[in-house]
Every structure is written in structure tokens, then in C-alpha cells.
Amino acid sequence: MTASVATINLRQTPADAPGPSQLPLSFNRIVSRHLVHRSSVAEVLLTDWRSTGDNTYLCAAQWPRGHSLYRVLNGHHDPLLIAETVRQTGILLAHSGEDVPLDWKFVMDRMTISVNSDGLRTMPAPANIVIEAALVHLRRSTSSAVHLRLDARFLREGLPFGTAAVRMRCVSPTLYRRLRGDRTPTTVDSTVALLPADPHLVGMNTEADVVLGAALGVEACQVPSVGSWPLRVRTEHPVLFDHPQDHVPGMLVFEGLRQAGRALLGWPDAQLADCDINFARYLELDRPSIVIANMLRQITPTEVALEMVVSQDDQTAVAGTVQMRRIQHHAVTRAA
């Protein structure tokens, strides 16, 4: 598929052109925000990229120690930064490496993540991350859709610490309008005003970052095995709704799964370690959604596997498994 001239002129600005393959990746400036579908430059994590072969790439990202939502906890970076980084990587490489036009929409179908917590430890500076990425075309591209799988390996100081894979569809504005009908950011909004769950129960500092309402039901036993909560959607959230959306964004869903796992287990400091999540349907902004967490097995005293479902209108929209892990506190060693 070939991008239009207008698309190419927008895309290939000097800051976004890949550097020569023999030069190291740069962490000195971010890529243009439109290439990762972000409105705020503060939410752009990627700093550089280059092609290394046929549909293979190297990308650079920098993780801050002071993000407003994805905060350092117990001396470790938030593993949801992997999810946001791989989301941005897929969009960047589709536009810049595969010539997907800038006005096309991206639909996430599945995301899997696995992370070694040791690679998330904070240091006296932001974390410089290298992503080894490969894009696979899952079927023949058409004039209105491209189906891609992104496989990514995350490295820090040359050592691998995580992997992620994303299946996504890139669709033209015309096809997206057919999929969504009259549902646009200007015609739909969240109409369910829910009181938040206790922030301390879900490991958040403020009510503004709580994406669950009060529990609808938690099995009455010392260690609950199943619980359900309404999804709390605030379209004014500056990170989860960095720009207007016509549906609930995937990163809000991931935050909901994490907070539900914390609430079920009574582990407000637990983080997502591994996950395999399928997105089957759009979650609409103006209808209630329910997050259900069900304990599958205790892996270790500090790690548990959970089954997760997000339903709307009595239909499963999101489903998969996650592993929640409590991470031991790590003190940052300061340079002399």
C-alpha cells in the first residue's frame, strides 16, 4: 500500500526520519506526537526508530520516573508502560515503516505481555528502553484495511526484560465510519457518573485515577475468588483520554483489569506481570461496563493468575488472563 503525497509530507519530518543504521538510537527527542496518536507531547514515549531489515525495526523509548498515571511503585517502573510503549510502537511503525496513512484508525484485537520485574527497577535517571520489533502482515492488505501483528522484545542496557505482541487492524476513515456509524467523539460521551472505589483499595493516589466504581459483588470469604465492579469512565482524564474518543480506549481497559485484580486480592501494590487479553467488541462510552475478576490459581505467595472479563449489554467485550505480582521494594542507588 502506498501513502498519499500529503501523508508522506506530514510523516517525513526531519525529527521523525530514521537515522542511519550504523548510528546508535537517540534518546534526545521524542518522535512527532501525530505518529503515535497522542495530543500531548508529554505522553509520547518513543524517541527514535530505524529499519533493520524486511519488516524489522529498532525503536527507542524513554520512561520517566514521574509520570502522572504510570507511577513508580516500590522502586519499579509501572509495567503498563510496556503496554503503552508497544501501542505507540505499532502505530509509529505502521505509519512510518508500512506507509499506513495518518488519518487511518487503529483497532486493537489482542495484546500479550510478559515482563521480568528486575528490568523495571528505577535508577537515578529515566529508563532508556530499546525495542526490537517485527511487523507481520496477517492477511493481504486492501485499500481500506491492513491487518498486522507486532512482535516486540524490550531491552534495557542491552538485557532483555520483557516481550509483547499486538494484533491490530488499521482501517480507512470510510471503513471506520461504516463500523462505528454515527458514533463519534462529538456524538457520544460517558453518561454514567459513578462514585469511585476507594483509591487505596486499588493502589491509586487520587480518586481521579480510579477507573472502578464500588464493587457490585465480591464472594464472601477470607480470600475472595471472584469479584465484579462497574468500569468508571471519565472522558476528562488527561492521560486515558489524551484526545477525544468514540469508545473506551484499550489503556483504560488495562487499568481497569489491574485495579480489579488489586481489589480482589487485597494487594494494592500488585502489578500486572503477564497478560493475554482479547478485544472482541467496542466498549461504548455511554453504556455501563462491568469488570469481572476470577481467581484461577496461586502461582507463588506473591503471584496469582486471574481470569478477566469486561462485559457490556450482557455480551463479553474483553476477555483474557492476567498474572498479578507483588514486587518487593527496591531502593534507588544514587551515584556518588
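Criteria and cut-off values
- Residues numbered from 1 in each chain as written.
- Predicted model: local features only at pLDDT ≥ 70, side-chain atom pairs only at ≥ 80, totals over all residues.
- Heavy atoms only, no water.
- Core = buried A, V, L, I, M, F, W, Y, C linked by side-chain atoms within 4.5 Å.
- Buried < 20%, exposed > 50% of the residue type's maximum accessible area, 1.4 Å probe, protein only.
- Contact = heavy atoms within 4.5 Å.
- Phe/Tyr/Trp six-rings, centres within 6.5 Å; stacked < 30°, edge-to-face > 60°.
- Lys NZ or Arg CZ within 6 Å of the ring centre and 35° of its normal.
- pLDDT = per-residue confidence, 0-100.
- Axes fitted to C-alpha atoms, helices over the stretch in contact; angles between N-to-C directions.
- Helix = DSSP H or I, 4+ residues; strand = E, 2+ residues; numbered from the N terminus.
- Parallel < 35°, antiparallel > 145°, perpendicular 65-115°, else oblique.
- Left-handed = near helix turned anticlockwise from the far one by under 90°.
- Expected span 1.5 Å × (residues − 1).
- Salt bridge = Lys/Arg side-chain N within 4 Å of Asp/Glu carboxyl O.
- Polar contact = N/O pair within 3.5 Å; in protein donor to acceptor, adjacent residues only side chain to side chain.
- Pairing = 2+ DSSP bridges.

## With respect to the nonpolar core
Residues W63, L92, L93, I131, F154, F254 and L306 are the most contacted members of the largest nonpolar core, which totals 88 residues. Apart from residues lying up to four places away in sequence, F254 is in contact with L80, M108, M111, L272, C275, I277 and F279. Of all hydrophobic cores here, the second largest spans five residues; its members include V107, A145, V171 and Y176.

## Details of the packing of aromatic side chains
Each pair of aromatic rings is reported with the distance of its centres and the angle of its planes. Across all of its chains, the model carries five aromatic pairs by this definition. When the ring centre of Y176 is taken as reference, the NZ or CZ atom of K105 above it lies at 5.8 Å. The residue whose ring lies beneath R180 is Y282, and the NZ or CZ to ring-centre distance is 4.3 Å.

## Looking at the confidence of the model for the chain
Looking at the chain, pLDDT values average 90 and 88% of them are 70 or higher. This model gives residues 1–15 a pLDDT under 50, and the stretch forms 24 contacts once residues within four places in sequence are excluded.

## Quick look at the packing of helix α2 (residues 80–96) against helix α4 (residues 250–265)
Running from amino to carboxyl end, α2 crosses α4 at an angle of 165°, the nearest separation of the two axes being 11 Å. In terms of orientation, α2 and α4 fall into the roughly antiparallel class. When you trace α2 past α4, the crossing you get is right-handed. Contacts between α2 and α4 involve L80, A83, E84 and R87 on the former and, on the latter, M251, F254, E255 and R258.

## Structural notes on the side chain of R180
Within the secondary structure, R180 is located in helix α3 (residues 173–180). In this structure R180 comes out as buried when scored by relative accessible area, which is 6%. Ignoring anything within four residues of it in the chain, the contact list for R180 reads D246, H247, Y282 and E284.

## So, unusual backbone geometry
In this model, D99 sits at a positive phi of 65°, which is unusual for a non-glycine residue. Locating D99 in the fold gives a position in the loop between α2 and β3 (105–115).

## Things to note about α2
Given a rise of 1.5 Å per residue, 17 residues ought to cover 24 Å, and the 24 Å separating the end C-alpha atoms of α2 matches this to within 8%. Extensive coverage of α2 is indicated by the burial of 17 of its 17 residues.

## Focus: the pattern of salt bridges
On inspection of all chains with the given rule, the structure shows 19 salt bridges. A salt bridge links E236 to R234, with the nearest nitrogen and oxygen atoms 3.4 Å apart. We classify R234 as partly exposed; its relative accessible area is 21%. A single network of salt bridges, built from pairs that share partners, joins R180, R183, D246, E284 and D286.

## Quick word on the side chain of H247
The topology assignment puts H247 in the loop between β8 (226–230) and α4. According to the relative accessible area criterion, H247 is buried, its value standing at 15%. Engagement of the side chain of H247 in a polar contact is seen with the side chain of Y176, the distance being 3.5 Å. Within the structure, H247 has its side chain in polar contact with the side chain of D246 (distance 2.5 Å).

## Some details on the pairing of strand β1 (residues 46–53)
Both β1 and strand β2 (residues 56–63) contribute to a ladder of six bridges, which runs antiparallel. In the strand pairing of β2, D48 is matched with A60. Between β1 and β2, which follow one another and run antiparallel, lie two residues, and N55 among them has a positive phi close to 65°.

## Quick word on the pairing of strand β5 (residues 145–156)
With nine of its twelve residues buried, β5 lies for the most part within the structure. Pairing of strand β4 (residues 127–137) with β5, which is carried by nine bridges, proceeds in the antiparallel orientation. Bridging across to β5, V130 finds its partner in L155. Taken together, the twelve bridges between β5 and strand β6 (residues 159–171) define a ladder with antiparallel strand orientation. Counterpart to H147 in the pairing with β6 is R169. From the end of β5 to the start of β6, which pair antiparallel, there are two residues, and E157 there has a positive phi angle of about 55°.

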